[in-house]
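Structural features, examined
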Amino acid sequence: MSRIRVLDPSVVGAIRAGEVVDRPAAVVKELVENALDAGSTLVAVHAASHPERSIRVQDDGAGMSREDALLALRRHATSKIESAEDLSRIRTLGFRGEALASIAEVSRLSLSTRSSEDLTGTQVEALGGATIQVSGVGRAVGTTVLVEDLFFNTPARLRFLKSREAEIRVLSRVVWNYALTYPRVHWKFSVEGREDTDLPEARDLVERWEVFYGRGSEDGSAEFDHEAGGVHVSGVLGAPEQARASRDYQTFAVNGRVVASATLAAALRQGYGNLLPRDRYPLALVLIEIDPAHVDANVHPTKREVRFRDEARVFQVLRRAVDASMRRYVPTGISFGDAGAGTVGEPVQGQGGYQVDRGGSYPVATLTQNAVGTETEGALQLALEAGPAEAGERERGDLAESLGEPEIPIWQLHDRYLLAPIRGGMVIVDQHAAHERILYEDARAHLYSGTGASQVLLFPRVVDLSPAELDALLMMEPHLRRLGYEASLFGERQVAVRGVPASIPEEAAIDSLKAVLASVDTLGEGGDPPEEHIAKSFACHAAVRSGQALSPVERRALFDRLFATSLPHGDPHGRPTYVRVSMEELDRRFGRR
Ligand code: ADP
Ligand code: MG
């Protein structure tokens, strides 16, 4: 490293002045930047649990001669620039020659260093900016700076510090940001009593990134690299589903300097487009390489912000690069395949021989007549508090027989219950529970054995999905296809539903699709296999609601289908689907007996 000189006052005048050190994190930032400027391959940062009490940064960089070590603590003493023109050629992180002096002024600072040309090192002790001791020291090539009792002589500054948790959080961000930006450097970071990290040299950005944020998606993290108009942008972008509620996990560096930049943050966000909800921020590491003449690092006293000569161009280049990289998350070609090809559940007419008009009303009569495999009965019975199977069998026979008679009326009570006379009394059916039982058995049959009948929609329905729903959709795709859904991704956050289960109206089918997707959250709870779980949630949401008027034909179909199920007594959750009231009971209640 070239020799340190004190800058000419004319150069000093061109430098943005201001407070460099306002909190412990600022000390870490300046010392880490110095270590990187010295070409270090190892940077070790240690902070006390109250970081203002002690911060130590140790490196294996070029080190300093005795002469330089003494100059280093002087204001405007730097080895990095000489003239004002150099300001437009800056390749180093530091250039003002102020940091060490500013830190030394408000602390007890100890600097120990040795360059490769020297056999012994130098140790300089300073208190409040005054050098109090200089001595020789045996040490390895490199530099160690220890800063203790920060702000001991500026109590107002001390009082302005946030909680030690907050200070450590900010300080940690400084280290992590640089560790992400410089993967070839071996980083060590410890905070007394809470943090002790060792990050050996990584192969590249992605390897370092994945230590922090994981792989992101199946095919790894999204690395990007793009150059246009003299602006080179590269880095790693988090998968949309990794996005966080704050911007804390975004790192921007310009020519190796970690900075905050509203321009870069906005370009990043726009590049993700509508892959992210409004209040989510992607994880990102964005590195910009640009001619130093086109960027001004000298706008802010702590160089935290930079200004580009052509903000619009940098914005464009980054936004486009991010946008292009995000296409990997928009798999527009996925389809549920050829649903409806199978005709296992071909709709048939209801037992009564009538046709049901599908237009708008519930086509319960078009439900399929699939018999449910006997091997499923055992499991179902466990869910029900029905009487012995035999009794159920007999009862169903009776009911079906009674109802089979041509002119039996079925009344609807308050759009909720269906009432019908049967031999020896009456039956009251809960229309929702009954339909749920029917759809549940249908769904199970389709899920276990084949493909449900699909009705092709004349106009595909475009449904908005959240990222979680989209995930669920991809996961449940084979099941949904068997239920009779045919859907394909359409745009980034939408699916086009082209086919729905034939047994229910379009509206209910769309509602149940969403319900099934939401049910993925509770998948596995209660020990249900996925088919069971999906069948239940599908049936519950597809079933006719309580409060819905049914035509006489629909009522009839509901009765027919209910008593054709394997277990008509209860819905999939074990609640009763119908209640029988005998003539004896009515007689008793009317005092006839
Ligand atoms: P600047 O980084 O702006 O030059 P500083 O006050 O941070 O100013 O440092 C002053 C000088 O001390 C630097 O220019 C550099 O020559 C030397 N220096 C500081 N830290 C180190 C280090 N860790 N290793 C080698 N040299 C250093
Ligand atoms: Mg510096």
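Model, not experiment: these values are computed from the prediction. (Residues numbered from 1 in each chain as written. Chains lettered and ligands numbered in written order. Predicted model: local features only at pLDDT ≥ 70, side-chain atom pairs only at ≥ 80, totals over all residues. Heavy atoms only, no water.)

Brief notes about the sheet that holds strand 18 (residues 411-413)
The condition that has to hold: DSSP-based pairing: two strands are paired if at least 2 bridges between them are found. Here a strand is any run of E in DSSP of at least two residues, a helix any run of H or I of at least four, and the numbering for each starts at the N terminus. Axis definition: a line fit to C-alpha positions, over the contact stretch in the case of helices; interaxial angles, taken between N-to-C directions, run 0 to 180 degrees. Contact definition: two residues touch when any of their heavy atoms are within 4.5 Å.
The four strands are arranged 18-19-20-24 in an open sheet whose pairing can be described as antiparallel. Since the sheet does not close on itself, it has two edges, and those belong to strand 18 and strand 24 (578-582), each with one partner. Across the sheet, the mean angle from the axis of one strand to that of its neighbour is 25 degrees, orientation sign disregarded. Pairing of strand 20 (residues 425-430) with strand 24, which is carried by five bridges, proceeds in the antiparallel orientation. Note that in strand 24 the partner of Val 429 across the bridge is Tyr 578. Where helix 12 (residues 431-449) meets the sheet, it contacts strand 18, strand 19 (417-422) and strand 20, and its direction lies at approximately 75 degrees from that of strand 20. Docked against the sheet, helix 16 (residues 552-562) engages strand 18, strand 19, strand 20 and strand 24, running at close to 70 degrees with respect to strand 19.

Describing the packing of aromatic side chains
As a reminder, the rule being used: Between 30 and 60 degrees the pair is tilted, below 30 it is stacked and above 60 it is edge-to-face, where a pair is any two Phe, Tyr or Trp rings, Trp via its six-membered ring, whose centres lie within 6.5 Å. Each residue gets one of three labels from its accessible area relative to the maximum for its type: buried under 20%, exposed over 50%, partly exposed in between, using a 1.4 Å probe on protein chains only. Charge-over-ring placement is defined geometrically: NZ (Lys) or CZ (Arg) within 6 Å of the ring centre, and within 35 degrees of the ring normal.
The final tally for this structure, using the stated rule, is nine aromatic pairs. With a centroid separation of 6.1 Å and an interplanar angle of 45 degrees, the aromatic rings of Phe 559 and Phe 563 are classed as tilted. Given the relative accessible area of 2%, Phe 559 is considered buried. With relative accessibility at 6%, the residue Phe 563 sits in the buried group. Cluster of aromatic residues (ring-pair linked, three or more members): Trp 176, Phe 189, Trp 209, Phe 212, Tyr 213 and Tyr 249. Positioned above the aromatic ring of Tyr 249, the side-chain terminus of Arg 244 is 4.6 Å from the ring centre.

Observations regarding the confidence of the model for the protein
The test is simple: The pLDDT value expresses, per residue, how confident the predictor is, ranging between 0 and 100.
In this model, the protein carries an average pLDDT of 82, and 85% of its residues clear a pLDDT of 70 or more. Ignoring residues within four places in sequence, the model shows residues 331-394, a span with pLDDT below 50, making 114 contacts including any to other chains.

A few points about helix 14 (residues 506-518)
Formally: Helices are assigned an expected span. That span is 1.5 Å times one less than the residue count.
With 13 residues, helix 14 extends 19 Å between its outermost C-alpha atoms, agreeing within 8% with the 18 Å of an ideal straight helix rising 1.5 Å per residue. Within helix 14 the residues assigned to the buried category are Ala 508, Ala 509, Ile 510, Ser 512, Leu 513, Ala 515, Val 516 and Leu 517. Looking at the buried residues of helix 14, the elements they touch are strand 21 (454-464), helix 13 (467-483), strand 23 (494-501) and helix 15 (530-542).

Observations regarding the site of ligand 1
Definition in use: Throughout, near means a residue has at least one heavy atom within 4 Å of the molecule or strand. Here a polar contact means two N or O atoms within 3.5 Å. Within protein one must be a hydrogen donor candidate and the other an acceptor candidate, and residues neighboring in sequence count only if both atoms are side-chain atoms. Nonpolar residues are Ala, Val, Leu, Ile, Met, Phe, Trp, Tyr, Cys and Pro. Charged residues are Asp, Glu, Lys and Arg, and all others, Gly as well, are polar.
Asn 34, Thr 78, Ser 79, Lys 80 and Gly 97 are the nearest of the 21 residues found near ligand 1. Interatomic distance of 2.5 Å between a side-chain N/O atom of Ser 79 and an oxygen atom of ligand 1. Residues belonging to the shell around ligand 1 are distributed by class as follows: 10 nonpolar, seven polar and four charged.

Considering the sheet that holds strand 7 (residues 130-137)
Taken in spatial order, the eight strands line up as 7-6-5-8-3-2-9-10 in an open sheet, and their pairing is mixed. Single-partner strands in this sheet number two, and they are strand 7 and strand 10 (195-199). With strand direction ignored, the average angle separating the axes of adjacent strands in the sheet is 10 degrees. In terms of strand pairing, strand 5 (residues 108-114) meets strand 8 (residues 142-148) through seven bridges, oriented antiparallel. Looking at strand 8, one finds that Ser 112 is bridged to Thr 144. In this fold helix 6 (residues 164-181) packs onto strand 2 (42-47), strand 3 (54-59), strand 9 (186-191) and strand 10, with an angle of close to 170 degrees to the strand it touches most, strand 9.

Looking at the pairing of strand 13 (residues 250-254)
Burial analysis of strand 13 places five of its five residues in the buried class, the great majority of the element. The alternating pattern of strand 13 places Gln 250, Phe 252 and Val 254 and Thr 251 and Ala 253 on opposite faces, both of which are buried. Here five bridges tie strand 13 to strand 15 (residues 284-290), and the two strands are oriented parallel to one another. Residue pairing across strands places Phe 252 opposite Val 286, the latter belonging to strand 15. Relative to strand 14 (residues 257-259), strand 13 runs antiparallel, the two sharing three bridges. Bridged to Ala 253 within strand 14 is Val 258. Hairpin remark: strand 13 followed by strand 14, antiparallel, with two residues in the connecting loop; positive phi at Asn 255, about 50 degrees.

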